[in-house]
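# Structural overview for review
Each chain, written out:
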Number of protein chains: 2
Amino acid sequence: MRGPAVSARGTSFPLHRPETYLLSGGVPDTRLIPNAMIARAYRRALCSSTSTGSLDYGDPRGTPRLRAAVAEMLRATRGISTHPANVMITRGSQMALDLIARALVRSGDAAAVEKIGYRPAWDALRAAGAELVPIGVDEKGLAVEELASRARAKGRPAGEPIRCIYTTPHHQYPTTVLLAPARRIALLELAARERLAIIEDDYDHEFHYEGRPVAPLASHDPAGSVVYVGTFSKILAPGLRLGFVVAAERVIEALSALRFVVDRQGDHVLENAVAELVEEGELQRHARKMRRVYKARRDALAASLEHQLKGVLKFQVPAGGMTLWASVDDRIPLEAWRARAREKGVMFSTGREFDIEGKARPFVRLAFAPYDESELGRAVQRMRAALDGI
Amino acid sequence: MRGPAVSARGTSFPLHRPETYLLSGGVPDTRLIPNAMIARAYRRALCSSTSTGSLDYGDPRGTPRLRAAVAEMLRATRGISTHPANVMITRGSQMALDLIARALVRSGDAAAVEKIGYRPAWDALRAAGAELVPIGVDEKGLAVEELASRARAKGRPAGEPIRCIYTTPHHQYPTTVLLAPARRIALLELAARERLAIIEDDYDHEFHYEGRPVAPLASHDPAGSVVYVGTFSKILAPGLRLGFVVAAERVIEALSALRFVVDRQGDHVLENAVAELVEEGELQRHARKMRRVYKARRDALAASLEHQLKGVLKFQVPAGGMTLWASVDDRIPLEAWRARAREKGVMFSTGREFDIEGKARPFVRLAFAPYDESELGRAVQRMRAALDGI
């Protein structure tokens, strides 16, 4: 997902040597960012005859052009029938999460989250005053039954009803598991019945390798329970900081009023530049290309692990996403391995980083997107070498 | 300042006809934005050999390059001796204000503000849970004596000590009055003694027309009381959304941690592009040019008002800023004039918009920056014509 949850990279201090392979991230390969394409679109957006409007103060929901382009893209590629009035552009998904948390949650409210999950979302909910209620995750994704039993106010000791659930149904973060069809239906029904908002974070929708991507919860949500979050960080570049929210118009209005206080508005030149890339199909072409690249890398990593770390790691080849989640044989002292691997020049994340209570969990998460096949091979060799002498 | 405080323009819905003169804003003339210069710098920042780093996740405090360039610019042009470690780049000054409010204020804390002032700053403080304490403003700026008496906890009925004061000492918003030297000294002493943070918003520092700009409070702040906020919105373009904070390192760390939750980081390509403009002196050259342009516009507006609205408006020609603040003869029904002027094709702000209680005040605020001399002349003619028949 958006970089390592806990590593030093989030604040960009190079604690690792440059020759270290950072399998701990979840970023795209920045060497493949189409920067010339982005620069051309940016120049056109900035220098066209209508550009001065983009440099003035504008709509905190984003430019009409990008909101329309996103609505059309979501209709065409994700089965979400929506209208520009239901779309708001944000600074990456993190601003979306922060605004949503501030809009939905009052201090002391309960917010459900996946107990193995995405820490920056928890941070946003906590900063808004939420008390987090962790819900289990298994091989079928979020344990919706458990959520249902916790959602009944009388079932919770604290008594506050659960206001919302933050979830990653397409590629569960960090396990990459897909939420099972029956659970999707149950979750939407539960949300409608209990008036629970579903914050659906679909952070890397495009990167699905087996068959078509599964339609988001937002694509069949008659009750209007879903607040859908997406991002251009994975498909274009993390540093562009462009994300979006799709929700009922009253939710968009509330987010927009808050956003006016937070940073007033986005970068409307950049928004119009990206709108052009979407309108012209450039973004979609780039996504198709990256999907082929990342699929080959996924397969190369899986093959290397099978070859070099058989018996140490067990995993399902992920159907999508940019990382691989593997369980570690319980005879391996995981944190010692991780430390030794770091000395050998490869960093990876362990289950503890994603556990809401910071509990040790015998899993590793390995990013395959940022490195090519031979680099991944060398990284796995180093992981193998690090096993010796621990 | 940053657009009209209450008008429709903040959300960019064109409620006015295009041929309407918007003297209600406080924006620069977007026709004079150096967009080709910005586009060239952006392309270089995006396509240079080191650019991929800017497109990756990075430091929430901003790129090292822009932080260093801002520190050097502040030293050279504003007398603030600072270090990049004390500088954080934000999305315009609004994000700075929101982060500062969230970092300094706990729910129920008291925050002092200028009682005729900048509503988006109040909104940020209120959103963080502050109870606002309005302090008077006169022809010498903020009434520091009044603040001193309110700052003593025992002097306030609510009992909570005042945590901070939000102030605009260079060109008080909206009156453009300069805070008098003796009051500057008194304010800094008061802040040090009472452990009061001063949020100094220096939003249009460059646009000072009579003599040199006055050094900010932050330039002589041994106690470290000042959290200094600046922006590139007035000098380059509002839509770029680039601002900065200068403060003690512990404050920058707190803001940075919060910012990671809010939107993770800024647009590092844009930050490096603007760093280049600062390093090369392009920004400063552009500022000098705009200062000449805006000075001539200020003088043209003042002359038009003298000629067309003598006896109706009384004002001091402002020593700086992008707007003129004038008192209105008390025989004029101000809101009727404003409504009629709008029909005639000119919008201006009245004192009520800037009063913290929304009380009617017999003042108008007229922006001269966005229009050239002949446009300003026509706008004033329309104001004059609107007086007939009310």
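From a predicted model like this one, the values you see are computed outputs, not experimental measurements.

Rules used throughout
Residues numbered from 1 in each chain as written. Chains lettered and ligands numbered in written order. Predicted model: local features only at pLDDT ≥ 70, side-chain atom pairs only at ≥ 80, totals over all residues. Heavy atoms only, no water. Helix = DSSP H or I, 4+ residues; strand = E, 2+ residues; numbered from the N terminus. Rg over C-alpha atoms; globule rule 2.2 N^0.38 Å. Contact = heavy atoms within 4.5 Å. Areas by Shrake-Rupley, 256 points an atom, 1.4 Å probe, with all protein chains shown as cover. Lys, Arg positive; Asp, Glu negative; His and termini not counted. Charge placed at Lys NZ, Arg CZ, Asp CG, Glu CD. Buried area = accessible area lost by both parts, 1.4 Å probe. Salt bridge = Lys/Arg side-chain N within 4 Å of Asp/Glu carboxyl O. Polar contact = N/O pair within 3.5 Å; in protein donor to acceptor, adjacent residues only side chain to side chain. Nonpolar A, V, L, I, M, F, W, Y, C, P; charged D, E, K, R; others polar. Least-squares fit on C-alpha atoms with pLDDT ≥ 70 in both. Patch = residues over 30% accessible without salt bridge, like charges linked within 9 Å, V, L, I, M, F, W, Y side chains within 5 Å. Core = buried A, V, L, I, M, F, W, Y, C linked by side-chain atoms within 4.5 Å. Buried < 20%, exposed > 50% of the residue type's maximum accessible area, 1.4 Å probe, protein only. Axes fitted to C-alpha atoms, helices over the stretch in contact; angles between N-to-C directions. Left-handed = near helix turned anticlockwise from the far one by under 90°. Pairing = 2+ DSSP bridges. Parallel < 35°, antiparallel > 145°, perpendicular 65-115°, else oblique. pLDDT = per-residue confidence, 0-100. Expected span 1.5 Å × (residues − 1). Phe/Tyr/Trp six-rings, centres within 6.5 Å; stacked < 30°, edge-to-face > 60°. Lys NZ or Arg CZ within 6 Å of the ring centre and 35° of its normal.

Attention now goes to the overall build of chain A. What chain A contains, in helices and strands, is twelve helices and 15 strands. Computed over the C-alpha atoms, the radius of gyration of chain A is 21 Å, within 12% of the 21 Å expected from 2.2 N^0.38 for a compact globule of 390 residues. Based on the C-alpha atoms only, the size of chain A along its principal axes is roughly 60 × 55 × 40 Å. Of the contacts formed within chain A by residues at least 6 apart in sequence, a portion of 73% connects residues at least 24 apart. Roughly 14100 Å² of accessible area belongs to chain A as shown, and the carbon and sulfur atoms make up 52% of that amount. Side chains of chain A give 56 positive and 46 negative charges; the mean places of these two sets differ by 2 Å.

This next bit is on unusual backbone geometry. Residues other than glycine predominantly adopt negative phi, and peptide bonds predominantly adopt the trans conformation. Following Tyr173 of chain A, the chain continues to Pro174 of chain A via a peptide bond in cis, the omega torsion being 5°. Note on placement: Pro174 of chain A falls in the loop between β7 (162–167) and α7 (181–194). Phi at Thr176 of chain B takes a positive value of approximately 65°, unusual for a residue other than glycine. Note that Thr176 of chain B resides in the loop between β7 (162–167) and α7 (181–194).

The next subject is the interface of chain B and chain A. Counting from both sides, the interface comprises 55 residues of chain B and, opposite them, 55 residues of chain A. Roughly 4600 Å² of surface becomes buried between chain B and chain A when both sides are summed, with 58% attributable to carbon and sulfur atoms. Counting across the chain B and chain A interface gives two salt bridges. Between the two partners, chain B and chain A, sit 14 residue pairs in polar contact (both at pLDDT 80 or more). Where the side of chain B that touches chain A is concerned, the elements lending two or more residues are α1 (35–47), α2 (52–55), α4 (92–104), α5 (119–127), α8 (249–262) and α9 (268–279) of chain B. In terms of residues, the side of chain B that touches chain A owes the most to one element, α1 of chain B, which gives eight residues. Partitioned by chemical class, the residues of the side of chain B that touches chain A number 23 nonpolar, 16 polar and 16 charged.

Let us look at the relation of the copies chain B and chain A. Rotating chain B by 180° about the axis while translating it 0.0 Å along that axis superimposes it on chain A, leaving an RMSD of 0.0 Å. Expressed as an axis order, the relation between the two copies is that of a two-fold axis. Scanning chain B for the C-alpha nearest the rotation axis identifies Arg43 of chain B, at a separation of 3.8 Å. By residue overlap, the copies meet face to face through one surface: 100% of the interface positions of chain B are interface positions in chain A.

Together, Arg40 and Arg43 of chain A together with Arg40 and Arg43 of chain B give the surface a local cluster of positive charge. Within the residue set of the positive patch, elements represented by two or more residues are α1 (35–47) of chain A together with α1 of chain B. Of note, Arg43 of chain A is situated in helix α1.

Let's shift gears to the nonpolar core. With 116 residues, the main nonpolar core has Leu147 and Phe232 of chain A together with Leu147 and Phe232 of chain B as its most contacted residues. Leaving out residues up to four positions away in the same chain, Leu147 of chain B has contacts with Ala112, Ile135, Leu142, Ile162, Ile165, Leu187, Leu190 and Leu196 of chain B. In terms of nonpolar packing, the next biggest core, distinct from the first, is built from 78 residues, Leu104 and Leu125 of chain A together with Leu125 and Ile199 of chain B among them.

Residues and elements named next belong to chain A. At a minimum axis separation of 8 Å, helix α3 (residues 64–78) and helix α9 (residues 268–279) run at an interaxial angle of 35°. Helix-helix and strand crossings are classified by hand; for α3 and α9 the assignment is left-handed. Seen from α3, the contacting residues are Arg65, Leu66, Ala69 and Met73; seen from α9, they are Glu271, Asn272, Val274, Ala275, Glu276, Val278 and Glu279. Counted by class, the contact of α3 with α9 contains six nonpolar, one polar and four charged residues.

What follows covers the sheet that holds strand β11 (residues 313–314) of chain A. Residues and elements named next belong to chain A. Ordered in space as β11-β12-β15-β14, the four strands form an open sheet in which the pairing is antiparallel. Two strands lie at the open edges of the sheet, namely β11 and β14 (349–350), each paired on one side alone. Pairing of β11 with strand β12 (residues 323–328) involves two bridges; the strand directions are antiparallel. Note on β12: the bridge partner recorded for Lys314 is Ser327.

Our focus in this paragraph is the packing of helix α8 (residues 249–262) of chain A against α4 of chain B. The geometry of a pair of packed helices is captured by two quantities: the angle between their axes and the separation between those axes. Between α8 of chain A and α4 of chain B, the least distance of the axes is 7 Å, while the angle of their chain directions is 95°. Considering the angle they form, α8 of chain A stands roughly perpendicular to α4 of chain B. Contact residues: α8 of chain A offers Phe260, Val261 and Val262 of chain A, while α4 of chain B offers Gln94, Met95 and Asp98 of chain B. For the contact of α8 of chain A with α4 of chain B, the class distribution of residues is four nonpolar, one polar and one charged.

Detailed conclusions should not be drawn from predicted coordinates in areas where pLDDT is low. All names here are of chain A. Confidence along chain A averages 91 in pLDDT terms, with 92% of residues attaining 70 or more. Considering only residues more than four positions removed or in separate chains, one finds that residues 1–18, a stretch of pLDDT under 50, has 56 contacts. Here the complex is predicted with pTM 0.87, and the ipTM for its interfaces comes to 0.80.

Residue and element names in this part refer to chain A. By the element assignment, Pro370 lies in the loop between β15 (363–367) and α12 (373–387). A residue is classified by how much of its surface remains accessible, and Pro370, at 8% relative accessible area, is buried. Those residues in contact with Pro370, other than ones at most four positions away along the chain, are Val27, Pro28, Asp29, Arg31 and Arg297.

Residues and elements named next belong to chain B. Of the two faces of strand β10 (residues 243–246), the one lined by Gly243 and Val245 and the one lined by Phe244 and Val246 are each fully buried. Two elements, strand β2 (residues 87–90) and β10, share four bridges in a ladder whose sense is antiparallel. Residue pairing for β10: Thr90 is matched across the bridge by Gly243. When strand β9 (residues 226–231) meets β10, the two strands line up antiparallel, connected through four bridges. Each residue of the ladder has a partner; that of Gly230, found in β10, is Phe244.

All names here are of chain B. Taking 1.5 Å as the rise per residue, α9 with twelve residues should run 16 Å; its terminal C-alpha atoms sit 16 Å apart, in good agreement. Across the twelve residues of α9, eleven count as buried, placing the element largely inside the fold. When we look at burial in α9, the residues that qualify are His268, Val269, Leu270, Glu271, Asn272, Ala273, Val274, Ala275, Glu276, Leu277 and Val278. The distance from a side-chain oxygen at the start of α9 to the backbone nitrogen of Val269 is 3.1 Å, and the residue carrying that oxygen is Asp267.

Taken as a whole and judged by the stated rule, the model has 21 aromatic pairs over all chains. Each ring, one from Tyr21 of chain B and one from Tyr371 of chain B, has its centre 5.2 Å from the other, and the planes form 85°; the classification is edge-to-face. In this pair, Tyr21 of chain B sits in strand β1 (residues 21–22) while Tyr371 of chain B sits in the loop between β15 (363–367) and α12 (373–387), placing the two residues 350 residues apart along the sequence. The exposure class assigned to Tyr371 of chain B is buried, which follows from its relative accessible area of 12%. By way of ring pairs, the aromatic residues Tyr118, Tyr173, Tyr203, Trp325, Phe354 and Phe363 of chain A are connected into one cluster. Sitting over the ring of Tyr57 of chain A, Arg264 of chain A keeps its end group 4.0 Å from the ring centre.

This paragraph deals with the environment of Lys234 of chain A. Considering the arrangement of structural elements, one finds Lys234 of chain A in the loop between β9 (226–231) and β10 (243–246). Take Lys234 of chain A: its relative accessible area is 2%, and that puts it in the buried class. In sequence terms Lys234 of chain A and Glu160 of chain A are 74 residues apart; their C-alpha atoms lie 36 Å from each other. Of note is the side chain of Lys234 of chain A, whose polar atom sits 2.9 Å from the side chain of Tyr57 of chain B.

Below, the discussion takes up the sheet that holds β9 of chain A. All names here are of chain A. Taken together, seven strands build an open sheet; the order of strands is β2-β10-β9-β8-β7-β3-β4 and the sheet is mixed. The outermost strands of the open sheet, each flanked by one partner alone, are β2 (87–90) and β4 (131–135). Looking at each pair of strands side by side, their axes are set apart by 20° on average, direction ignored. When strand β8 (residues 197–201) meets β9, the two strands line up parallel, connected through four bridges. Within β9, the position partnered with Asp201 by the bridge is Val229. Against the sheet, helix α4 (residues 92–104) makes contact with β2, β7, β8, β9 and β10, and its axis sits at roughly 160° relative to β9, the strand it touches most. Sheet strands touched by α7: β7, β8 and β9. Its angle to β8, the strand with the most contacts, is close to 140°.

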